[in-house]
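Each chain, written out:
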Amino acid sequence: MSLVCGDYRLSFNDGGLEVQKNGKLLYFNKRPMFVTVKTVSAVSEFYDNAYSEIDISGDTIVAKGTVTVPSGSDFSFVDVYEATRAGFKVSRNVKVVKVGDDLGFSTKVSFVMTESDDTHDYNCFAPGVWYKQNEFAPDYAIGKDLDCEYFYRMETCYALPVFAMQNIASGEMAALSRWASDVTMQSVDIVRSENNVDPKLTIGAIGMSKPESKTLNYLYYGFAYRKEFEAKIDGLSIDYVYPGCDGQMPRGNQYAGLDYKDKSKTFQRVNHPVEVGFEQNYTVAINFGHYSSFQPMMRDIWRVTYDRMRDQLFEVDNEQFFHDCMKVFTKYTRQYGDSYGLPFACQLPDMDISCVSFQFGFVGQQPGIGYQLLRYGDKENVLESFEKGVNIIDFWVRTAMTESGLPHMCYNPNIKGFEPYPHYVRMLADGIEAILDAYLYMRRKGDERPAWLEFCRKTADWLVNIQNEDGSFYRAYNPDNSIRMDSKSNTPSVIRFLVQFYLVSGDERYKTAAIMAGEWSYENNYRNLEYRGGTCDNMDIQDKEAGIYALFGFLALYDLTGQDKWLEGAIGAADYTETWTYAWTFPVRTLWPKHPFNKYSISGQSIITIGGGADVYMAACSYTYYRLYVITGDEHYLDFAEFIHQNTRQSSDVDGSIGYIMPGLGHESGNFTSQTLQSNYHWLPWCTYVEVDPSSRLYDTFGGYEIADAQKLSTEERAKRNRIYDTYASFVV
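Residues numbered from 1 in each chain as written. Predicted model: local features only at pLDDT ≥ 70, side-chain atom pairs only at ≥ 80, totals over all residues. Heavy atoms only, no water.

Q: In this structure, what is going on with the overall build of the protein chain? I would like to understand it.
A: For the protein chain, the helix and strand inventory stands at 15 helices and 38 strands. In terms of overall size, the protein chain behaves like a compact globule, its C-alpha atoms giving a radius of gyration of 27 Å where 733 residues would be expected to give roughly 27 Å. Considered along the principal axes of its C-alpha atoms, the protein chain spans approximately 85 × 50 × 50 Å. Counting all 733 residues of the protein chain, 63% fall into the buried class. Once local pairs closer than 6 in sequence are excluded, the contacts in the protein chain between residues at least 24 apart make up 70%. Entry remark: accessible area of the protein chain is about 26400 Å², with carbon and sulfur atoms responsible for 46%. A gap of 1 Å separates the mean positions of the 69 positive and 96 negative side-chain charges of the protein chain. (Helix = DSSP H or I, 4+ residues; strand = E, 2+ residues; numbered from the N terminus. Rg over C-alpha atoms; globule rule 2.2 N^0.38 Å. Buried < 20%, exposed > 50% of the residue type's maximum accessible area, 1.4 Å probe, protein only. Contact = heavy atoms within 4.5 Å. Areas by Shrake-Rupley, 256 points an atom, 1.4 Å probe, with all protein chains shown as cover. Lys, Arg positive; Asp, Glu negative; His and termini not counted. Charge placed at Lys NZ, Arg CZ, Asp CG, Glu CD.)

Spelled out as structure tokens, the structure:
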């Protein structure tokens, strides 16, 4: 009795499951009915059993049975298996038919690995949470310590609710994922604890485990209470636990003065009530595959899950939204003494200015906004916007350059000087690219700004002179050129500027520097998946924005040279970066009456760093993913480009209906994995900039504010317009 999906056969024998490929056993579960009970003393014990009845019904197999635990509680299982184009599908119903002396329960779908039971022999993938063996994750991240017994996260932490394990030696992969975006709102009058009960929670957890035959509960102070009991463990398994849990996680604030020396951890479990008639109903996808390495595995299982779960497109008028955003920039740009810029932060909903400080890039994006303002003001004949944009660029060119050629990064008009802030290479790239764009725009109008060009030249020369022999740059420097942060992972950030300044200047030194940086980035960022440290206000850990800037850099090299190597790097960076985006959705509540999430979905938001919250920064990439589609013809990139061009807008007041003081405003970031938004509830300039920048590029390249408009062009016309460097340094308007 079996089901077949591709090369994999799921068979039922002696009440258990086996997965074979070409006659070889890869995965199994001898006792598929698994229950963890929260005992009367609030300790979690687990029990399992084989199916007692297995029947074929059409194209499905129905497996049934009962698990009875020592306290006397009975749990009835009905599991329906089927093979689909999206993988194997199991729909589970668990009903409490008898109540003993138990407080709560959870169940799991699980498969044991046969090739190895050593966690170190596997690379894992959980979108935005776990890549390979999480070597670039912070110490507090799950998977960082592979010697734990349990590796679970609530699936709302995942950009898509999927977890995959790939055996490094064989390339075989097993993956579990939630079948559909059907999470409902959990109880809002309950606070998560070490081991609580919530009858309304419909969130699962996905991960792997290799437990001992002992209980494991971390008490209030972090002490691990353990008791041996009879439960057979067959080895390392991939698991979908329902309702979900988080564990084992390193404890961030360990209590002092305790009389045990073990590293304190946490394991937060959620249970359903053990009440007669209470039912669990959930559906899981099971996927298997073979891949030559981690990256094609990551790409494939992401796309398989994305195709099944991607949220519907958000309806927004992107042209009107663009104009509203530019009105925000125009209104809040002003003169502060001898400087021009926008406030660093404003509290929503009424833009109560809480901090005035200007950053060269990153969260401030001051020169970038300056360029967008002068461009907008010129094209739309809005003199105020144009003059404010020119004044921003003039201010930075006049003020920020140092003797070394490394511009200052953070100006504070209150002290009439620059704050003591690291000179991040990533932040440098943001600002200097924008000043070059502004120079070229003005030059095409016949308004030569030699000081702007010289500012860019000094920075380009600094980059050439400071570049390491291996082609890399350090993450941050001091004004005297000494090293502030010695990680090299931000090297891709400056590639695009070096390419573009080469096009403007014709000086081969800048092209050489760009290619050298590309070579380092190809070997380290792309091939080693070392995308980390892209967000300047976080540690040098795995994140999304490092992937974004690698995508920008590799694509610039491909645009310049046409070499397949750089396209390969761009595709690799794109495939990695999109996995940080919430492509699915679930209900989220906010604590404020005026917030977009009260009306719209969270889909389109993207995880910032491993263990971090989510924001709208993927909006910056819609134009780039569309360009990648035009180059490759890969329909997935078209779909994803449109998705982030539409759905990222859901954290903004797109039409004035939310009640913010101006339409177009949106919040900076937040964490909604608990289904309650935790946020500073404020606006920073970058939030609107990353919405504006790709729209202006899309318009300038393809003639419209909607990707659907670009699609109306012929294939030949799109390809012609997509060769953006053919006219980049042109004097023609």
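Q: Quick question: what am I supposed to make of the packing of aromatic side chains here?
A: Aromatic ring pairs: the centre-centre distance and the angle between the two ring planes describe each pair. Applying the stated criterion across every chain, the model contains 63 aromatic pairs. Consider the rings of tyrosine 582 and phenylalanine 586, whose centres lie 6.0 Å apart with planes at 75°: the pair is edge-to-face. Take tyrosine 582: its relative accessible area is 2%, and that puts it in the buried class. Under the relative-accessibility criterion, phenylalanine 586 is labelled buried at 4%. Three or more aromatic residues joined by ring pairs form one cluster here, namely Tyr336, Phe358, Phe360, Phe395, Trp396, Tyr411, Phe418 and Phe455. The ring of phenylalanine 552 carries the charged tip of arginine 496 above its face, separated from the ring centre by 4.3 Å. The cationic tip of lysine 565 hangs over the ring face of tyrosine 522; the distance from NZ or CZ to the ring centre is 4.7 Å. (Phe/Tyr/Trp six-rings, centres within 6.5 Å; stacked < 30°, edge-to-face > 60°. Lys NZ or Arg CZ within 6 Å of the ring centre and 35° of its normal.)

Q: Looking at this model, I keep getting lost on the pattern of salt bridges. Mind explaining?
A: Note that side chains of opposite charge can pair when their charged atoms are close. As enumerated under the stated definition, the model contains 45 salt bridges in all. Between glutamate 433 and arginine 496 there is a salt bridge whose closest N-O contact spans 2.9 Å. One end of the pair, glutamate 433, is in helix H5 (residues 425–444); the other, arginine 496, is in helix H7 (residues 495–505), with 63 residues separating them in the sequence. With respect to class, glutamate 433 is no different from arginine 496; both count as buried. We note a salt bridge from arginine 457 to glutamate 454, for which the minimum N-O separation is 3.8 Å. Within this pair, arginine 457 and its partner glutamate 454 are both found in helix H6 (residues 450–466), separated by three residues, close to a single helical turn. Since its relative accessible area comes to 35%, glutamate 454 is described here as partly exposed. In this structure, a network of salt bridges that share partners links the residues Arg299, Arg303, Asp575 and Asp634. (Salt bridge = Lys/Arg side-chain N within 4 Å of Asp/Glu carboxyl O.)

Q: Can you help me understand empty space enclosed by the protein in this one?
A: Rolling a probe over the atoms, with the probe sized like a water molecule, indicates the empty space that remains. A full pass over the atoms with the stated rule returns three cavities of 30 Å³ or more. By volume, the largest cavity amounts to about 360 Å³. Taken together, 29 residues form the lining of the largest cavity, with Phe34, Phe46, Lys108, Ser209 and Pro211 sitting closest to its centre. Top contributing element to the lining of the largest cavity by residue count: strand S11 (residues 102–113), with five residues. Split by residue class, the lining of the largest cavity holds twelve nonpolar, eleven polar and six charged. Taken as a whole, the second largest cavity spans an internal volume of roughly 40 Å³. Surrounding the second largest cavity, Ser489, Asn490, Pro492, Ser493, Gly534, Glu545, Ala546 and Tyr549 form its lining. When its residues are assigned to classes, the lining of the second largest cavity shows three nonpolar, four polar and one charged. (1 Å grid on protein atoms, 1.4 Å probe; cavity = no way out; pocket = protein on both sides within 12 Å on 5 of 7 lines; lining within 4 Å. Points joined across faces, edges and corners; volume = space filled by probe spheres on them. Nonpolar A, V, L, I, M, F, W, Y, C, P; charged D, E, K, R; others polar.)

Q: Would you explain the side chain of threonine 609 in this entry?
A: By the element assignment, threonine 609 lies in the loop between strand S35 (606–607) and strand S36 (614–615). In this structure, threonine 609 is in contact with Gly128, Thr535, Asn538, Ile541, Gln542, Asp543 and Trp580, ignoring residues within four places of it in sequence.

Q: Honestly, helix H12 (residues 635–647) in this entry has me stumped. Any pointers?
A: Every α-helix carries 3.6 residues per turn, so stepping three or four residues along brings you back to the same face. Relative to the 18 Å expected for 13 residues at 1.5 Å per residue, H12 spans 18 Å between its end C-alpha atoms, a close match to the ideal helical length. H12 sits mainly inside the fold: ten of its 13 residues count as buried. Within H12 the residues assigned to the buried category are His636, Tyr637, Leu638, Phe640, Ala641, Phe643, Ile644, His645, Gln646 and Asn647. For H12, the secondary structure elements touched by its buried residues are helix H1 (294–309), helix H2 (318–332), helix H10 (564–578), helix H11 (622–632), helix H13 (685–702) and helix H14 (707–710). Put simply, aspartate 634 is the residue that caps the front of H12, since its side-chain oxygen is 2.9 Å from the backbone nitrogen of histidine 636. (Expected span 1.5 Å × (residues − 1). Polar contact = N/O pair within 3.5 Å; in protein donor to acceptor, adjacent residues only side chain to side chain.)

Q: Explanation requested: the environment of aspartate 182 in the structure shown.
A: Inspection of the secondary structure puts aspartate 182 in the loop between strand S16 (172–178) and strand S17 (195–197). Since its relative accessible area comes to 46%, aspartate 182 is described here as partly exposed. Separated by 133 residues in the primary sequence, aspartate 182 and asparagine 49 place their C-alpha atoms 28 Å from one another.

Q: Is there a simple way to explain the packing of H2 against helix H3 (residues 366–380) in this structure?
A: Describing two packed helices takes the angle between their axes plus the distance from one axis to the other. Running from amino to carboxyl end, H2 crosses H3 at an angle of 115°, the nearest separation of the two axes being 10 Å. With respect to the hand of their crossing, H2 and H3 are arranged in left-handed fashion. Across the interface between the two elements, Phe322, His323, Met326, Phe329 and Thr330 of H2 pack against Ile369, Gln372, Leu373, Arg375, Tyr376 and Glu380 of H3. Broken down by class, the residue content of the contact of H2 with H3 amounts to six nonpolar, three polar and two charged. (Axes fitted to C-alpha atoms, helices over the stretch in contact; angles between N-to-C directions. Left-handed = near helix turned anticlockwise from the far one by under 90°.)

Q: How do you make sense of a nonpolar patch on the surface when you look at a structure like this?
A: A grouping of Leu219, Phe223 and Tyr225 is seen on the molecular surface, where their side chains present a nonpolar patch of about 270 Å² in accessible area. Tracing the sequence through the fold places leucine 219 in the loop between strand S19 (217–218) and strand S20 (224–225). Looking at leucine 219, the relative accessible area reads 41%, which means it is partly exposed. (Patch = residues over 30% accessible without salt bridge, like charges linked within 9 Å, V, L, I, M, F, W, Y side chains within 5 Å.)

Q: Teacher, can you tell me more about the pairing of strand S9 (residues 74–84) here?
A: As a general feature of sheets, a regular strand has side chains that alternate between the two faces. Summarising the sheet, strand S8 (residues 60–68) and S9 pair through nine bridges and their orientation is antiparallel. Looking at S9, one finds that glycine 65 is bridged to phenylalanine 77. Following S8, the chain reverses through five residues before pairing antiparallel with S9; glycine 72 in that reversal takes a positive phi of roughly 110°. Two elements, S9 and strand S10 (residues 87–98), share eleven bridges in a ladder whose sense is antiparallel. Note that in S10 the partner of threonine 84 across the bridge is glycine 87. From the end of S9 to the start of S10, which pair antiparallel, there are two residues. (Pairing = 2+ DSSP bridges.)

Q: Honestly, the pairing of S16 in this entry has me stumped. Any pointers?
A: For S16, the buried fraction is high: seven of the seven residues fall into the buried class. Residues Glu172, Ala174, Leu176 and Arg178 point to one face of S16 and Met173, Ala175 and Ser177 to the other, with burial holding for every one of them. Both strand S15 (residues 162–167) and S16 contribute to a ladder of five bridges, which runs antiparallel. Residue glutamine 166 lies in a different strand from S16, and its bridge partner there is methionine 173. A loop of four residues connects S15 with S16, the two strands running antiparallel in sequence, and glycine 171 in this loop sits at a positive phi of about 85°.

Q: What exactly am I supposed to notice about the state of the cysteines here?
A: Note on terminology: disulfide describes a covalent bond linking the sulfur atoms of two cysteines. Per the counting criterion, the structure on display carries zero disulfides. With no disulfide of its own, cysteine 245 lies closest to cysteine 157 among cysteine sulfurs, the gap being 11 Å. Cysteine 355 provides the cysteine sulfur closest to cysteine 346, a residue in no disulfide bond, and the two sulfurs are 9.3 Å apart. (Disulfide = S-S within 2.5 Å.)

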